[in-house]
Amino acid sequence: MLLSKGSRSVNCLANKLMTLEKKTSLALYSNMLKIRLVEEEIASRYNEQEMRCPVHLSIGQEAAATGVGFALTQKDKVFSTHRSHAHYLAKGGDLSKMIAEIYGRATGCIGGRGGSMHIMDPEVGMMASIPIVGSCIPLAIGSALSDTLDGNPVVSVAYLGDASIEEGVFHESANFAKLSNLPVLFVCENNLYSVYTHISERQPPRLITSIPEAHGIPMVHCDGNDIEAVYASTLRALDNIRSQNGPFFLLLDTYRWREHCGPNFDNDLGYRSEQEFMEWKMKDPVEQYRKKLLAKKIITKETDLELTDNIQKEITVAFDFAKNSPFPELETAINHVYA
Amino acid sequence: MKNNRSISFGEAIREGLLQASEIDPSVIHFAEGVEDPSAVFGTLKDIGKEIGQNRMIEMPVSENALTGVAIGAALTGKRPVISFHRVEFAMLALEQIANNAAKFHYVSNGKHNVPLVMRLIIGRGWGQGPEHSQSLESVFAYFPGLKVVMPARPKDAKGMIIAAVEDKNPVLFIEHRWSHYAVGDVPQNYFSTGITGPERIKTGDAITVVATSYMTLEALRVADALERVGVNIELFDLRVLRPLSLEAIVESVKKTGKLLTIDTGFRTYGIGAEIVSSVIERSFEFLKTAPIRLGLPDHPTPSSASLIKNYYVDSIMILEKISQVVDIAPSVLEQLKKSIVNERNNIPIDVPDPFFKGPF
Ligand SMILES: Cc1ncc(C[n+]2csc(CCOP(=O)(O)OP(=O)(O)O)c2C)c(N)n1
Ligand SMILES: [Mg+2]
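Only a predicted model underlies this, so the values are computations on that prediction, with no experimental measurement involved.

Draft legend 1. How the structure looks around the overall build of chain B. For chain B, the helix and strand inventory stands at 13 helices and 14 strands. Taking the principal axes of its C-alpha atoms as reference, chain B extends roughly 60 × 45 × 45 Å. Each of the 360 residues in chain B was classed as buried or not, and the buried ones make up 60%. In the form shown here, chain B has an accessible surface area of approximately 13800 Å², with 53% of it arising from carbon and sulfur atoms.

The following block contains the structure:
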């Protein structure tokens with residue numbers, strides 16, 4: 001069991017323990033790249049004002065979602081937050097249905113009822129995205145309880161941002177998950193901010209690592225921008241969970257590049273420094289991995305361009321699909337108030 | 001300098017909060033991002049610089065606990081103002097609000113006071129959908145012991161936020177985000193409107209209309225349009241949901257014999273339901289037509305703009321309802337509708353209407 005003793009160095013030892021197959025490396029890279037390009041496409045088209053809902057982009061955080069999503073099986077269940085695009089795509093989500101949802105179309109994954117903040121698609125295990133901080137966490141615990149009662153070997157994932165740690169419901173959920181030894185993976189993406197407020201203005205200077213520990217939940221703390229580390233740590237966590245050791249906590253350090261909500265950069269506002277941003281940009285998860293794969297000759301400049309091109313084509317298809325899809329019929333607004 | 005000048009509702013809130021905080025050192029503030037570049041939609045901007053950062057307390061994303069903290073501070077001599085970007089986030093704090101804030105004075109046999117202001121911002125638009133655009137005022141208005149206010153116009157925004165801070169009770173101060181943009185004349189000096197009941201903002205005998213919050217602005221547009229064709233409605237801005245004072249509205253209904261209520265929230269179990277029943281109890285024999293309630297239909301708010309075309313009450317809807325019980329020639333009605341449509345100038349239904357500029 002990997003139980004951090006409050007040290008930040010438990011770290012990425014996991015990734016040293018395995019070498020990835022080429023195929024896996026490529027898949028991880030290609031998914032990160034896809035998330036990056038999709039989010040950038042949303043950002044660049046947002047000012048057309050056809051995506052008429054708030055969007056919280058995951059640019060800079062692609063490795064966290066991808067590493068976790070790829071380690072999960074199709075049957076595992078994911079509960080996400082307001083920042084859910086990457087989680088959905090990494091869980092095998094349908095890009096066209098996601099873009100259509102953001103465009104408010106009938107063909108969206110929930111018919112345009114939720115928009116970007118409510119991406120859900122139970123068919124691929126994307127159970128829900130809830131834009132109320134911490135609100136999805138107990139749902140993942142309940143889902144794990146249900147599968148445990150039925151004897152299903154399924155893991156439920158609760159994605160949370162660093163701000164969720166401040167909500168009572170997180171601690172109540174952690175307590176119950178551990179008490180009941182439930183197959184839950186807590187994935188905390190620590191991007192240091194809640195909207196414009198740095199974590200040091202919201203939490204005392206203790207490490208987040210001490211919190212799962214206090215709840216008796218084993219954890220791994222890892223560089224959330226290192227895709228192989230995230231992937232390996234998640235596999236390890238899942239191993240532990242599937243051996244019926246109860247919940248596990250992954251703490252992933254990462255950084256959001258754009259504004260909290262919306263398509264723009266916002267370093268000019270002054271709540272974070274350009275220098276901090278640049279430091280994190282140096283740790284670009286996509287670029288780092290691109291370099292690594294080039295060095296290992298798993299990709300070449302040509303195959304990389306080709307891959308980018310293919311993803312871009314897929315994105316164009318998805319946006320065309322969304323924009324050509326019908327809006328939901330007005331009369332259907334009243335449907336599904338009750339089952 | 002002129003005492004009155006034209007500022008927005010949002011600026012009026014900020015001015016009121018700043019002046020109240022300067023006058024009374026026991027005022028302290030809590031909010032998420034209290035000092036951030038947005039500072040709760042500008043309403044707390046730089047207040048910390050004026051009154052001291054120690055009185056601007058950054059609230060971790062812990063709504064229930066911090067509401068309890070604010071109540072505890074209120075019990076012991078402070079006047080906390082806790083601001084929420086959206087009413088939904090305050091739902092996490094419902095336990096503290098309902099069990100503690102609303103009950104302390106009563107249960108302690110008057111020994112405790114909870115002079116607390118909770119600012120809850122409601123709103124709509126830009127596809128914010130089911131969990132970021134609810135109007136939950138009737139949830140809070142349910143509890144005796146809470147005061148619940150919903151200003152609509154800039155002057156009231158200032159006068160009522162000051163009244164709320166001065167009050168000895170927990171006041172839930174509910175602001176519609178679209179009202180924030182409304183501009184109107186607001187005195188520069190420190191003044192309080194008190195937490196006092198409805199204000200008659202149009203006098204007439206055609207029908208009594210009672211609106212809350214942003215709906216007051218939509219109703220005002222209708223009142224102005226009707227005035228141009230010689231129909232005068234009596235329009236009340238309810239302002240205070242609890243304690244509910246209906247005297248003036250009852251008197252008005254005795255005069256007009258007709259009543260229309262307009263909620264920002266759900267029609268069923270809405271504020272209109274309470275007003276209609278309470279007013280009828282006291283004016284039954286004066287009614288000439290059945291009262292009408294307008295509010296949201298019985299389903300959550302979908303994100304897609306295409307699903308909300310008939311969802312929100314607007315001036316056209318209000319005008320149509322009024323025309324069902326007030327004599328307006330069909331041609332005149334059509335012409336009025338056209339002029340409102342023109343005024344709206346095709347702005348989409350999911351962005352605020354820039355039309356609402358005072359003087360109110
Ligand atoms: C209960 C609640 N409080 C406040 C908010 C407003 N809000 C939306 S996102 C957000 C920041 C959350 O930060 P974090 O959990 O770290 O996620 P990140 O945005 O960084 O991905 C806040 C405070 C909310 N949605 N729900
Ligand atoms: Mg964060």
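Draft legend 2. Representation of the overall build of chain A within the structure. The secondary structure content of chain A amounts to 12 helices and eight strands. A globule of 339 residues ought to have a C-alpha radius of gyration of about 20 Å, and chain A, at 19 Å, matches this closely. With the C-alpha coordinates aligned to their principal axes, the bounding extent of chain A is approximately 55 × 50 × 40 Å. Considering chain A as a whole, with its 339 residues, one finds that 59% of them fall into the buried category. In chain A, the proportion of contacts linking residues at least 24 apart, taken out of those at least 6 apart, comes to 77%. Of the roughly 13700 Å² that chain A leaves accessible, carbon and sulfur atoms contribute 55%. Each charge class in chain A was averaged separately, 34 positive and 42 negative side chains, and the resulting centres sit 5 Å apart.

Draft legend 3. Representation of the coordination of the magnesium ion (ligand 2) in the model. All names here are of chain A. The protein atoms that coordinate the magnesium ion (ligand 2) are Asp162 (OD), Asn191 (OD1) and Tyr193 (O), at distances spanning 2.0 to 2.1 Å. Coordination of the magnesium ion (ligand 2) draws on donor residues from a single chain, spaced D-x28-N-x1-Y in sequence. With relative accessibility at 6%, the residue Asn191 sits in the buried group.

Draft legend 4. Quick look at the pattern of salt bridges. Residues and elements named next belong to chain B. This model, assessed by the stated rule, comprises 41 salt bridges over all chains. Measuring nitrogen to oxygen at the nearest pair gives 3.1 Å for the salt bridge that ties Asp353 to Arg221. With Asp353 in the segment after α13 (330–344) and Arg221 in helix α9 (residues 214–228), this residue pair connects regions lying 132 residues apart in the sequence. A residue is classified by how much of its surface remains accessible, and Asp353, at 9% relative accessible area, is buried. Bridged by salt links that share partners, the residues Arg153, Asp156, Glu199, Asp237 and Arg239 form one connected network.

Draft legend 5. Highlighting the side chain of B:Lys158. Residues and elements named next belong to chain B. Secondary-structure assignment places Lys158 in helix α8 (residues 154–166). Residue Lys158 is classed as buried on the basis of its relative accessible area, which comes to 0%. Here the side chain of Lys158 touches Pro187 through a polar contact of 3.1 Å, landing on its backbone oxygen. In this structure the side chain of Lys158 is engaged in a polar contact, spanning 3.0 Å, whose partner is the backbone oxygen of Asn189.

Draft legend 6. Quick look at the interface of chain A and chain B. Chain A puts 36 residues into the contact, and the matching count from chain B is 33 residues. On the chain A side of the interface with chain B, the three residues burying the most area are A:Arg52, A:Ile132 and A:Leu330, jointly 25% of the side's total. Across the chain A-chain B interface, the total number found is one salt bridge. Run the count over chain A and chain B and you get nine residue pairs in polar contact (both at pLDDT 80 or more). In terms of residue class, the side of chain A that touches chain B is made up of 19 nonpolar, 10 polar and seven charged.

Draft legend 7. Spotlight on the state of the cysteines. Residues and elements named next belong to chain A. The tally for this structure, following the rule as stated, stands at zero disulfides over all chains. With no disulfide of its own, Cys109 lies closest to Cys53 among cysteine sulfurs, the gap being 11 Å. The exposure class assigned to Cys109 is buried, which follows from its relative accessible area of 17%.

Draft legend 8. Examining the confidence of the model for chain A more closely. In the predicted model, chain A carries a mean pLDDT of 95, and the fraction of residues at 70 or more is 95%. Counting contacts from residues 1–16 of chain A, a segment whose pLDDT is below 50, to residues more than four positions away or on other chains yields 40 contacts.

Draft legend 9. Focus on the site of ligand 1. In the vicinity of ligand 1 lie 20 residues, with A:His82, A:Arg83, A:Asp162, A:Asn191 and B:Glu63 positioned nearest. At the site occupied by ligand 1, nearby residues are drawn from chains A and B. A distance of 2.8 Å separates an oxygen atom of ligand 1 from a polar atom in the side chain of A:Asp162. The contact in question runs from an oxygen atom of ligand 1 to an N or O atom on the backbone of A:Tyr193, over 3.0 Å.

Draft legend 10. Fine view of the domain arrangement of chain B. Residues and elements named next belong to chain B. Looking at chain B, the domain boundaries give domain 1 (4–187) and domain 2 (199–344). Measuring from the centre of the C-alpha atoms in domain 1 to the corresponding centre in domain 2 gives 27 Å. The partner domain 2 presents 25 residues to the 27 residues of domain 1 that form the contact. The contact between domain 1 and domain 2 buries some 2200 Å² in all, and 57% of this surface belongs to carbon and sulfur atoms. Considering only the side of domain 1, the residues that lose the most area to domain 2 are Arg124, Met150 and Arg153, jointly responsible for 27% of the buried surface there. Run the count over domain 1 and domain 2 and you get three salt bridges. Of the charged contacts, one joins Arg239 and Asp156 as a salt bridge, the two residues approaching to 2.9 Å between their closest N and O atoms.

Draft legend 11. Up close: unusual backbone geometry. Residue and element names in this part refer to chain B. Residue Arg242 is joined to Pro243 through a cis peptide bond whose omega torsion reads 0 degrees. Residue position: Pro243 is located in the loop between β12 (240–242) and α10 (247–256). We note that Tyr269 has phi near 60 degrees; this positive angle belongs to a residue other than glycine. As for its position among the elements, Tyr269 is in the loop between β13 (259–266) and α11 (271–283). We classify Tyr269 as exposed; its relative accessible area is 72%. For Asn345, which is not glycine, the phi torsion reads 50 degrees and is therefore positive. Along the polypeptide, Asn345 turns up in the segment after α13. Using a relative accessible area of 57% as the deciding quantity, one classes Asn345 as exposed.

Draft legend 12. Quick look at the environment of B:Asp156. Residue and element names in this part refer to chain B. Relative to the assigned elements, Asp156 resides in helix α8. A sequence separation of 36 residues divides Asp156 from Ser192, and the C-alpha atoms of the two residues are 8.8 Å apart. At 2.9 Å, the side chain of Asp156 and the side chain of Arg239 are in polar contact.

The rules behind these values
Residues numbered from 1 in each chain as written. Chains lettered and ligands numbered in written order. Predicted model: local features only at pLDDT ≥ 70, side-chain atom pairs only at ≥ 80, totals over all residues. Heavy atoms only, no water. Helix = DSSP H or I, 4+ residues; strand = E, 2+ residues; numbered from the N terminus. Buried < 20%, exposed > 50% of the residue type's maximum accessible area, 1.4 Å probe, protein only. Areas by Shrake-Rupley, 256 points an atom, 1.4 Å probe, with all protein chains shown as cover. Rg over C-alpha atoms; globule rule 2.2 N^0.38 Å. Contact = heavy atoms within 4.5 Å. Lys, Arg positive; Asp, Glu negative; His and termini not counted. Charge placed at Lys NZ, Arg CZ, Asp CG, Glu CD. Donors = N, O, S within 2.8 Å, 3.2 Å for Na, K, Ca; no water. Salt bridge = Lys/Arg side-chain N within 4 Å of Asp/Glu carboxyl O. Polar contact = N/O pair within 3.5 Å; in protein donor to acceptor, adjacent residues only side chain to side chain. Buried area = accessible area lost by both parts, 1.4 Å probe. Nonpolar A, V, L, I, M, F, W, Y, C, P; charged D, E, K, R; others polar. Disulfide = S-S within 2.5 Å. pLDDT = per-residue confidence, 0-100. Near = heavy atom within 4 Å. Domains from an automatic or database assignment.

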